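# Summary of the model geometry
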Amino acid sequence: MTTTPPVDYPFGPFVPWAQNPVLRPGRHDWESANVYNPAAVVVGDRVALVYRAHADDIVSSLGLAWSDDGYTFETESEPVLVPEHDWERFGCEDPRVVLIDGTYYCTYTGWDRHTARLCLATSSDLRSWTKHGPIVPGINTFAGVRETPGPDWSKGGVILPEQVDGRWLMWFGEGNVHLATSTDLLHWDASPEPVLRPEPGTFMGDLVETGPQPVLTRTGHVLLMHNSAVELEGGGVRYACGQVLIDPHRPDTVVAKLVEPWLEPATAEELSGLVDNVTFVEGLVHFRGTWFAYYGQSDTTIGVATFTPSTPTKEHA
């Protein structure tokens, strides 16, 4: 099984591609208005994006796109995950995908226009998915941050693709970031206590949310990339991207964090869209010696930022 090489902390610097976006809406009716917030995996010698998309009704499905170089993508004509159940009837949103022992695990947000619920689906080919429903009932990751319409609220599950001390680890949440553990990758025991909270006065001031799947550093720590928001004077928000370092044997403990974002809104696509002032990263792959971080640009288009280490690391089995 091919895994990503270990990284250094801080991770980067990542440089946005000068020809962004890599994906725009409009190729198919179901993605005619917006495409954003993609998961990313390497399949053979191609990069696959599982991305959120919708028409003007803002009812999201998940699409699949392929690239031979990491920059130029062709989309499949039909979505691969669509709303079917009451808890997702207004959207399957914001996927993260990880490959473990031949199975793709996709966490996504089920949205019913009342409550966001972290859900799980599995697949062997990225096209046909088996849904397992909401996986952390009873958890409200906005507790202590802001009010939510109901008692539950959860998003953004990111799974470390190898076990630690006999357990699988998943960080999740919007508002705060929490930890869940599992022995089978399907059933999760979630902690009601946050691992990461907003920090007023910083770029993490009003909420934090998970980014792409975690990766291990050379020191054995877990690197968790995250999205953070601050509320702007006069209304609106600004989303930028950070990094924290976690002790894998104490996965509820942050041992270091960036005090400045590694990615933030700068271009026209990132400053204006369905939601202005947003860079929101959800996909990360190591491909042909370069790290590719894929992100939503103002909830309207998809961009990529890259980092090529000066001393190339070898992918290993």
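Residues numbered from 1 in each chain as written. Predicted model: local features only at pLDDT ≥ 70, side-chain atom pairs only at ≥ 80, totals over all residues. Heavy atoms only, no water.

### Overview of the sheet that holds strand 5 (residues 73-75)
With antiparallel pairing, four strands are arranged side by side in an open sheet as 2-3-4-5. Looking at which strands have only one partner, the edges of the open sheet turn out to be strand 2 (34-43) and strand 5. Neighbouring strand axes in the sheet, compared pairwise and without regard to direction, differ in orientation by 30° on average. Pairing of strand 2 with strand 3 (residues 46-54), which is carried by eight bridges, proceeds in the antiparallel orientation. Bridging from a neighbouring strand, V43 pairs with R46 of strand 3. (Pairing = 2+ DSSP bridges. Helix = DSSP H or I, 4+ residues; strand = E, 2+ residues; numbered from the N terminus. Axes fitted to C-alpha atoms, helices over the stretch in contact; angles between N-to-C directions.)

### A few points about the sheet that holds strand 13 (residues 178-182)
Ordered by their spatial adjacency, four strands build an open sheet running 10-11-13-14, and the pairing between neighbours is antiparallel. The strands lining the two open edges of the sheet, one partner per strand, are strand 10 (158-159) and strand 14 (189-190). In this structure, strand 10 lies alongside strand 11 (residues 168-172), joined through two bridges in antiparallel fashion. Bridge pairing links V158 to W171 in strand 11.

### Quick look at the pattern of salt bridges
Applying the stated criterion across every chain, the model contains 16 salt bridges. In this structure, D45 engages R288 in a salt bridge whose closest nitrogen and oxygen atoms are separated by 2.9 Å. Of this pair, D45 sits in the loop between strand 2 and strand 3 while R288 sits in the loop between strand 20 (279-287) and strand 21 (290-297); the two residues are 243 residues apart in sequence, bridging distant segments of the chain. One continuous salt-bridge network, built from bridges that share partners, spans R52, E93 and D94. (Salt bridge = Lys/Arg side-chain N within 4 Å of Asp/Glu carboxyl O.)

### Some words on the packing of aromatic side chains
If you walk through the whole model with that rule in mind, you get 14 aromatic pairs. Here F14 and F307 contribute two aromatic rings whose centre-to-centre distance is 5.8 Å and whose plane-to-plane angle is 50°, an arrangement assigned as tilted. Linking F14 in the segment before strand 1 (15-16) with F307 in strand 22 (residues 301-307), this pair joins segments that are 293 residues apart in sequence. Each member of the pair, F14 as well as F307, is classed as buried. On the basis of an interplanar angle of 65° and a centroid distance of 5.3 Å, the ring pair of Y71 and F292 is categorised as edge-to-face. Of this pair, Y71 sits in the loop between strand 4 (61-67) and strand 5 while F292 sits in strand 21, placing them 221 residues apart in sequence. F292 sits in the buried class, given a relative accessible area of 3%. Ring-pair connections join several aromatic residues into one group, and the members of that group are W17, Y71, F73, F287, F292 and Y294. Above the face of the W66 ring, R46 is positioned so that its terminal group lies 4.1 Å from the ring centre. (Phe/Tyr/Trp six-rings, centres within 6.5 Å; stacked < 30°, edge-to-face > 60°. Buried < 20%, exposed > 50% of the residue type's maximum accessible area, 1.4 Å probe, protein only. Lys NZ or Arg CZ within 6 Å of the ring centre and 35° of its normal.)

### Looking at the side chain of N140
Mapped onto the elements, N140 comes out in the loop between strand 9 (130-134) and strand 10. Of note is the side chain of N140, whose polar atom sits 2.8 Å from the side chain of T148. With near-sequence residues (within four places) excluded, N140 lies in contact with T148, G150, P151, D152, W153 and H178. (Polar contact = N/O pair within 3.5 Å; in protein donor to acceptor, adjacent residues only side chain to side chain. Contact = heavy atoms within 4.5 Å.)

### Examining unusual backbone geometry
One can expect most non-glycine residues to show negative phi and most peptide bonds to be in trans. A cis amide bond, omega -5°, links Y9 with the succeeding residue P10. For the bond from G12 to P13, the omega torsion is 15°, close enough to zero to count as cis. Take P13: it is sitting in the segment before strand 1. For R113, which is not glycine, the phi dihedral falls at a positive 65°. Looking at where R113 falls in the secondary structure, it is placed in the loop between strand 7 (103-111) and strand 8 (116-123). The exposure class assigned to R113 is partly exposed, which follows from its relative accessible area of 46%.

### Quick notes on the nonpolar core
Membership of the largest hydrophobic core comes to 19 residues, with the highest contact counts inside it found for V50, L62, L64, V97, Y108, L126 and W129. Put simply, the parts of the chain that give this core at least two residues each are strand 2, strand 3, strand 4, strand 6 (92-100), strand 7 and strand 8. With near-sequence residues (within four places) excluded, L62 lies in contact with V50, Y51, R52, P79, V80, L81, C92, E93, P95, C106 and Y108. In this structure, L223, M225, W291 and F307 belong to the second largest nonpolar core, which totals 18 residues. (Core = buried A, V, L, I, M, F, W, Y, C linked by side-chain atoms within 4.5 Å.)

The analysis is restricted to geometry; functional conclusions fall outside its scope.
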